Amino acid sequence: MSVLPAGDPTAAVLLPHWLSEDDRAQLAAAVRAALAEPAVHPVTAVHLADVLTELHVAAARDAVWPAPAARVRRVTGWADDVLPVRLSAAELDSVLDAAALPAALRAALSGRRR
């Protein structure tokens, strides 16, 4: 049994954002740039570090269980390098606040693309 976080229980929900290999590389670069900022808030830094972890987990998940993502790609017509990157609302907010995030990737993460 899991303990729900205090406050908003939907904050811990992880939503998939289907990103290409290039999108994931740009996301990692933007997160690393945000983490390098001297004024990054400690809580934001934790969320951003979790995003980097999820990028690695997404690749590992696809290596171990390739069929689920392959089915989605086949149905949607997406390229073979598109993978789901699962982010919480807090992680997504931290990423969207990153100044180095490219506009096209910001649109994809905001749900305005794909």
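Residues numbered from 1 in each chain as written. Predicted model: local features only at pLDDT ≥ 70, side-chain atom pairs only at ≥ 80, totals over all residues. Heavy atoms only, no water.

Undergrad: Could you give me a rundown of the pairing of strand β2 (residues 83-87), with the residues and numbers involved?
TA: In terms of burial, β2 is largely enclosed, as 4 of its 5 residues are buried. The sheet contact formed by strand β1 (residues 15-19) and β2 spans 5 bridges and is antiparallel. Its bridge partner lying in β2, Trp18 is registered against Pro84. (Buried < 20%, exposed > 50% of the residue type's maximum accessible area, 1.4 Å probe, protein only. Helix = DSSP H or I, 4+ residues; strand = E, 2+ residues; numbered from the N terminus. Pairing = 2+ DSSP bridges.)

Undergrad: Describe the nonpolar core, with residues and values.
TA: Grouped together as the largest cluster of nonpolar side chains are 20 residues, with contacts concentrated most on Leu19, Leu27, Val31, Val95, Leu101 and Leu109. If you list the elements that add at least two residues to this core, you get α1 (21-36), α2 (42-64), β2, α4 (89-96) and α5 (103-109). Residues contacting Leu109, with those up to four places away along its chain left out, are His17, Leu19, Leu27, Leu87, Leu92, Val95, Leu96 and Leu101. (Core = buried A, V, L, I, M, F, W, Y, C linked by side-chain atoms within 4.5 Å. Contact = heavy atoms within 4.5 Å.)

Undergrad: Kindly report on the packing of aromatic side chains, identifying the contributing residues and their values.
TA: Going through the model one piece at a time under the given rule, you end up with 1 aromatic pair. Between Trp18 and Trp78 the ring centres are 5.5 Å apart and the planes differ by 40°, which places this aromatic pair in the tilted class. Taken together, the positions of Trp18 in strand β1 and Trp78 in the loop between α3 (66-76) and β2 put the pair 60 residues apart, joining distant regions of the chain. Since its relative accessible area comes to 25%, Trp78 is described here as partly exposed. (Phe/Tyr/Trp six-rings, centres within 6.5 Å; stacked < 30°, edge-to-face > 60°.)

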